[in-house]
Structure formats: C-alpha cells, structure tokens
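# Chain and residue survey
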Amino acid sequence: MPADATRSGSDPVLSLRGATLRFDDRTLWSGVDLDVQPGEFVAVLGANGTGKTSLLRVILGQQRLTRGEVLFEGEPVRAGNPGIGYVPQQKLADDGTPLRARDLVGLGLDGGRWGFWPSRRKRAVVDRLLAEVGATSYARKPVSRLSGGEQQRLRIGQALAADPHLLLADEPLASLDLSNQRAISELIDRQRRERGFGVLFVTHDINPVLGMVDRVLYLAGGRFRTGTPDDVLRSEVLSELYGSPVDVIRARGRIIVVGTPDSGHAPHDEHHDAGHEELCDHDPSDAEAVAL
Amino acid sequence: MIAAVDWSQVFNFADYGELIVLLRNSIIAGALLGLVGGLIGVFVMSRDMAFAVHGISELSFAGASAGLLLGVGVVQGSIIGSLIAALLIGLLGARARERNSITAVLMPFGLGLGILCLALYPGRSANKFGLLTGQIVAIDDPQIGWLIAVTLVVLIGLAVVWRPLMFASVDADVATARGVPVRGLSIVFMLLLGLSVAVSVQIVGALLVLSILVTPAAAALKVSASPLVVPLLSVAFGVTAMVGGILLALGSSVPISPYVTTISFAIYAACRAIAAVRTRRSSAPRPAPVREAQEGALA
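Residues numbered from 1 in each chain as written. Chains lettered and ligands numbered in written order. Predicted model: local features only at pLDDT ≥ 70, side-chain atom pairs only at ≥ 80, totals over all residues.

## A word on the overall build of chain B
- Along the backbone of chain B there are 15 helices and zero strands.
- Evaluated residue by residue, chain B yields a buried proportion of 49% over its 299 residues. (Helix = DSSP H or I, 4+ residues; strand = E, 2+ residues; numbered from the N terminus. Buried ≥ 20, exposed ≤ 12 C-beta atoms within 10 Å, placed from the backbone.)

## Quick notes on helix α10 (residues 182–204) of chain B
- With 23 residues, α10 of chain B extends 31 Å between its outermost C-alpha atoms, agreeing within 8% with the 33 Å of an ideal straight helix rising 1.5 Å per residue.
- Just beyond α10 of chain B, the residue with positive phi is Gly205 of chain B, at close to 95°. (Expected span 1.5 Å × (residues − 1).)

## Regarding the pairing of strand β7 (residues 166–170) of chain A
Residues and elements named next belong to chain A.
- Burial analysis of β7 places five of its five residues in the buried class, the great majority of the element.
- The two faces of β7 match: Leu166, Leu168 and Asp170 on one face and Leu167 and Ala169 on the other face are all buried.
- Note that β7 and strand β8 (residues 198–202) share five bridges and pair parallel. From the neighbouring strand, Leu168 faces β8, where its bridge partner is Leu200.
- Considered for its hand, the β-α-β crossover made up of β7, helix α5 (residues 178–195) and β8 is right-handed. (Pairing = 2+ DSSP bridges. Right-handed = clockwise from strand over helix to strand, strands pointing away.)

## Some details on the sheet that holds strand β6 (residues 84–87) of chain A
Residues and elements named next belong to chain A.
- Strand order in the open sheet made by the six strands is β6-β7-β8-β3-β9-β10, with mixed pairing throughout. Edge positions in the sheet fall to β6 and β10 (223–227), since each has one partner strand and no second. Averaged over all neighbouring strand pairs, the angle between strand axes comes to 15°, with direction disregarded. (Axes fitted to C-alpha atoms, helices over the stretch in contact; angles between N-to-C directions.)

Written out as structure tokens, the structure reads:
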C-alpha cells in the first residue's frame, strides 16, 4: 500500500505545543514542543518514570494534558482515532487465548466492529499484512505458542491493518534478543518508509534503532531535549539537561550514557532507578512504570 | 448378596419414551443452556474469570433462596442475585487480584444468606437441596418460559458484542487505543454472565455451575485456538453434557447434575489427552517450534 499523496505534504502528522503533564505536584514534562512529520522516525528516550508511556497515552486521547495542546493532523487528539496505530509494551498471550496469529492481525482490521460475522475482504487483507510483516509461515499457529519476536511482528501487522498515519510503539523491543530487536526495528523502519507514516518509538535503549532514528525526544527530570541523535546524545547536552556531569560514550557504533543522577530532578519519583547506562540496558523489567 | 448401590435406581430405562415427552421442555432448556454456557465460557476463559463465575453462582443461590422465602419466585430471585453479584464483581474488581478477593468475600456471604433463607422457609425441603445441586425435573412451565427468555437475551447480546468483546478480552490495551468501549463491554459481559449463571443455577445447581460455564470452553481451548472452532466445539461439548445428562438422568432417581458434570469432565479429560498426544507428536520430529514456545514462556 503506497503512501497516498495527502501524506507527502509537509504538514506534521503530530504536533505537541507547550505540552505539560503533571500528576499532583510532580511534573513529568513541561513545555514540550514537537512536530512529527509524515515518514519521520522519532525515538522517545528517558529513564523509568520520566513519562514516556504517559506521552503515548496523551496522544491516544486517554490522558489529558495539564497545559498545552496535542494535535493529530491538525485536530485535537481523541480516543480511538483510527489514524493512530499502537504497538503496546510486549505481553505474551497465555493459554486461554482463542486466537491464532492471523486472528490477532485481523482484530486490527475489524476488532471494533459490532457483531461476529467477518467481512468477505478480511481474509485477503490479513494475508497481505501477514506477508508484509513476515508472519505467513506461522499464520495458523496459536498466539500463545509463539515467541516474543513472532508476537511482536503480529502486533505491528495488527497496527498496520488500519493503515495508520502515525505509529506509536511502546518499548516494542523489550525482552527480545538482539537478532529479533534488529528484525523488529528494521520492519518498522521499512514500513514507515514504504507507507509514509510517522513513528514515535518509546525506548530506554537507543542502540537497536540508532541508524534509523531521525530525531530523539529525551525526557529527564521534568525537562526535555529534542534534536537529532548527534545533537542530543552528547555529554554536554545531557549534563546540562540533568544538571550534573553525565558522560556519553560512543563505542563500536553504540551509545552508552554513564552517570545519570538518580531521581534528583524528579521529586517523589519512586520508580526512577539509580540511573546509569539506561540507554544500553536490556532488562525487560526496566519498562516504563508510571502507574496511573 | 450385598449390593451397596441399587443400580436400578441409577439406570432404569423403563417407560423411557413417555418420560422424554413429559420432559421435552426440560430438554429444550438444557440444550439452550449448553449453547449459552459453551459460548460465554469462551469469554470466561479468555478473561480468566472462572472463580468469579463460582462467586456469582453463590449469590444467585442466595437470591433464589430469598425468592423462595419471600414468594417472589426462585428464577426471578436467582436472576436478581446473579446480576447484583456480577455488577459488584465487574465494578469493583477491574484487576484480576482485586476480582479474586472480592469474589472470595462475596461467595461465603451469599452461601450463608442462602442457607439462612432456606432455614426460614417453611415449605418443602426438596427445593432447598435442588438449588445447590440441580433440579431441572422440578421446574414447571412458567419457569421454563423464564429460562428460555433469559437464554435468548444472552444469545442475542453475545451475538452483538462478540467481536469487540473478544478484542477487549484478549488485548485490552490495543482495543482501548482503537476506541473499543472496553469498560462498557466489561459491564455488558458481566450482566450477560450473571444471566447465564442464573439459568445454570436452576438447572445444574449453584455448586456445579462451572461444569457448564467453564469446562466445555476449557476443553475446546485444549484442542483448538481458532476463534471459530473454539466456540463451536465448546457449544457442542456443552449441549452434549446437558442433553446427555438429562437423558441419562431420566432413567434414574439420581438428579441430573452428576450426569452432566461427569460427561463434561470426561470430555475435558479426552481433550487434554488429545492435546498431550499432539504436543508429543509435534515435538518429536520437529524440535524447533517447541524451543520457540519455551523461549516465549521464559521471556
């Protein structure tokens, strides 16, 4: 499915204007300005508890901003916008799930429609989506029997089913091994180029997507920086952001951030681990933990 | 000759044809319950609510007992009890852990309330035991009418919400993001579940509701993961257990419940055996998929 003409214009698909989110007396982030262009790949970085997942909830219309506005294709966001695809934090399906691989993708197509009878065109569309995400070989296997990498491909296929203009991915690589991390991030990268949708990719580890990311939004202690990875992921920029000395080390094409202070700038932030190396940490338990 | 059990009481098929005609209504109600139980069981399983079903059935029993005592009617009372319990569990127990504790708190309360009402009831005691262990043969015509009407409501309700309810049950996060009214669907589901439980209590009894609302779907899920095959199998299992149980019970003085629960359990055991054989077969020549599955489980 090629990107249609309306998407090749330069109007941003997503705009944040002075966006501020505060819970009680704790500011997650404030004054965030960000435009995501069609086809652009933006990574959202930051330690646990910096409000990465909350940002996605705001864009999904599930959480109101304290101040500022968030626009999707020029309109205020609302819940259930079909133009926004969503790949949630990975959660493995359990045994009581009456779904095969192709059925999970199919829910992305018509899961919200009332009734029980599938439409006639569904089968062909699902077949094509399965082929696009490389899941044809296990299309008929129960979801509960698939590996994490296989399930993540299906999640992406499910999100693509509605032909989104913006894809939100929340730690889509968490708990995947390195080869699956590469496969999944390359899949997202290829699809956004072919279909021309913007990507907002929440991650605590930039390295698997370092070569693909156009810009990063780095959240820390209620403040933020935006720019290309080379602009933002520098010792002096992050030291200023954190307000204390931080070293960004580049080794063998990877980026490691050392010495981020633990929760000093985020009062009442109990989720914030003693922060160091959060950009190269593969521990799945590190997933964002802002309880709402 | 010492006979501990008089088997002629368990199986005695004299005058069978006449009995079937006499109990045609009961067989119809049983078949409808098998249908409803098989369908709603698929969602009970995918929403992990088996324990909540048991809790609702105890409050349904309390409602039925109160209905008997106050003269409101057993079926009406059990529907009211079921709906209250289902709503309480649905509203207060959004998370699995909360739901389990609320169910555990409600269950003994309901049972105690039911026992109190039955103890105060001055009438015949045959009905009392029936509410716990099944009494379809004792159901009269107006009651059958109620049961059939409630069953139809559940069937129509399920047909309307089927796909979004499935989406919300297996994948609540994405369903919410896509604008599916997950919270509203959960309440609708609880109401439909409450009605199904109320019907089941009348037929198999409050203590044995799980055998018709959970076991058939659990068995079906052992042998398939297709969203079409699982409900069809589950319904086939549920109807087989219900109608088979009623037909066997006709020829005996034993209530229908043990027949229904035994058939239901046997089907589940058979499905487990089939699943075990399949896993062994598929793992022997092709080790790769199993390794993936294990990785998935560990991840």
